[in-house]
Every structure is written in structure tokens, then in C-alpha cells.
Amino acid sequence: MNLYYFDKIIYNGNINRDFFLYCCHKKKSLYLYILIHWLYYLLGIFFYKFELLFLKNYHKYLNKLDNIENITNEFYKKNNKKINKSYLKNIANQDIIITKSPRILIDKFINKENIITYELNSQNILEV
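These lines cover the structure that appears in this document, whether it is placed above or below. Predicted, not measured: the structure shown is a model, and the values here were computed from it.

### So, the packing of aromatic side chains
Now for step 1: What the rule picks out here adds up to 16 aromatic pairs.
Now for step 2: Members of the aromatic cluster, connected to one another through ring pairs, are Phe6, Tyr11, Phe19, Tyr22, Phe75, Tyr76 and Phe109.

Here it is in C-alpha cells:
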């Protein structure tokens, strides 16, 4: 059994950042969340409470999007080329993939059961 990390190993880049910027291009008002994310990140360096809030509320911008399913499908079509195909060929059924991305993004790229990730609730907030 092997353990793989999704970002920068299987997916060439950071899928959370790429998806956020893709959504910003779709809906310009989401650029405001860059300031909010940056502020939470900066405060999180000094206060652990803000780091937790940043992680918990990072995907809250999804509430502003109309059809998340279509947007994730379009994002998959555009960024499927960033998947390292050689890793996917070598991943066995018992191998585990770890990611810091929500399941709605990862399921488009990899259809496996052995993925350690998280789910978002109905308000697109990380359940802790």
C-alpha cells in the first residue's frame, strides 16, 4: 500500500487555488474573497483561531455561484491536462490519496474510494 498526496504530485499545482481563480474569472465579484482570504491567512500567522476560521470558511465563496456542478465540470475539462497520468496508472486499489481539497473537486479527477478528503456542508463550510 502506497500513500500519495494529490496537490503537486498527482495534480500539477494547487487545485484549491486554481479552482478559486477559475471561479473568479466566471464571476468577477468573487475577487473580493481574495482580500478576505488574505486577511484570514495573515491573522492566522499570529492567531491560531483565525487560521481555523480561514480553513473552515475558505470555500464559502461557492455560495455565490449559481451552478456548481457545471462549473466543476468545466474546470475539470480545462485542467484535466494537469493530472500526472503516470501516477494514475501506478495507483493500485489499496493505495491511499490524501488531499486538502473538498470531495466535489477531487471526484472529477480521480474516481477512487481510498481518498482522504473532506466534505462541505450545505453552506459550503468545512465540517469540523
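We are not done yet, so read on.
### Observations regarding helix α4 (residues 68-79)
Now for step 1: Over its 12 residues, α4 runs 16 Å from end to end, which matches the ideal 16 Å to within 8%, given 1.5 Å per residue.
Now for step 2: Three or more residues of α4 are buried, namely Ile71, Thr72, Phe75 and Asn79. The arc that holds the buried residues of α4, viewed along the axis, is 95°, so those residues lie on one side.
Now for step 3: Where α4 is buried, its residues touch α1 (15-26) and α6 (103-109).

### Focus: the nonpolar core
Now for step 1: Grouped together as the largest cluster of nonpolar side chains are 30 residues, with contacts concentrated most on Phe6, Ile10, Ile15, Phe19, Tyr61, Ile97 and Phe109.
Now for step 2: Those elements that provide at least two residues to this core are α1, α4, α6 and β3 (115-118).
Now for step 3: At six residues, the largest contribution of residues to this core is made by α1.
Now for step 4: Once residues lying within four places of it in the same chain are set aside, the contact partners of Ile10 are Tyr4, Tyr5, Lys82, Ile83, Asn84, Tyr87, Leu88, Ile91, Ile97 and Ile110.

### Section: the side chain of Thr99
Now for step 1: One can find Thr99 in strand β2 (residues 96-102).
Now for step 2: Among the residues examined, Thr99 registers a relative accessible area of 6% and is labelled buried.
Now for step 3: At 3.1 Å, the side chain of Thr99 forms a polar contact with the backbone nitrogen of Ser101.
Now for step 4: With residues near it in sequence (within four places) discarded, Thr99 still touches Tyr5, Phe6, Ile106, Ile115, Ile116 and Thr117.

What counts, and at which threshold
Residues numbered from 1 in each chain as written. Predicted model: local features only at pLDDT ≥ 70, side-chain atom pairs only at ≥ 80, totals over all residues. Heavy atoms only, no water. Phe/Tyr/Trp six-rings, centres within 6.5 Å; stacked < 30°, edge-to-face > 60°. Helix = DSSP H or I, 4+ residues; strand = E, 2+ residues; numbered from the N terminus. Expected span 1.5 Å × (residues − 1). Buried < 20%, exposed > 50% of the residue type's maximum accessible area, 1.4 Å probe, protein only. Arc of directions from axis to C-beta. Contact = heavy atoms within 4.5 Å. Core = buried A, V, L, I, M, F, W, Y, C linked by side-chain atoms within 4.5 Å. Polar contact = N/O pair within 3.5 Å; in protein donor to acceptor, adjacent residues only side chain to side chain.

These figures come from the coordinates and say nothing about function on their own.
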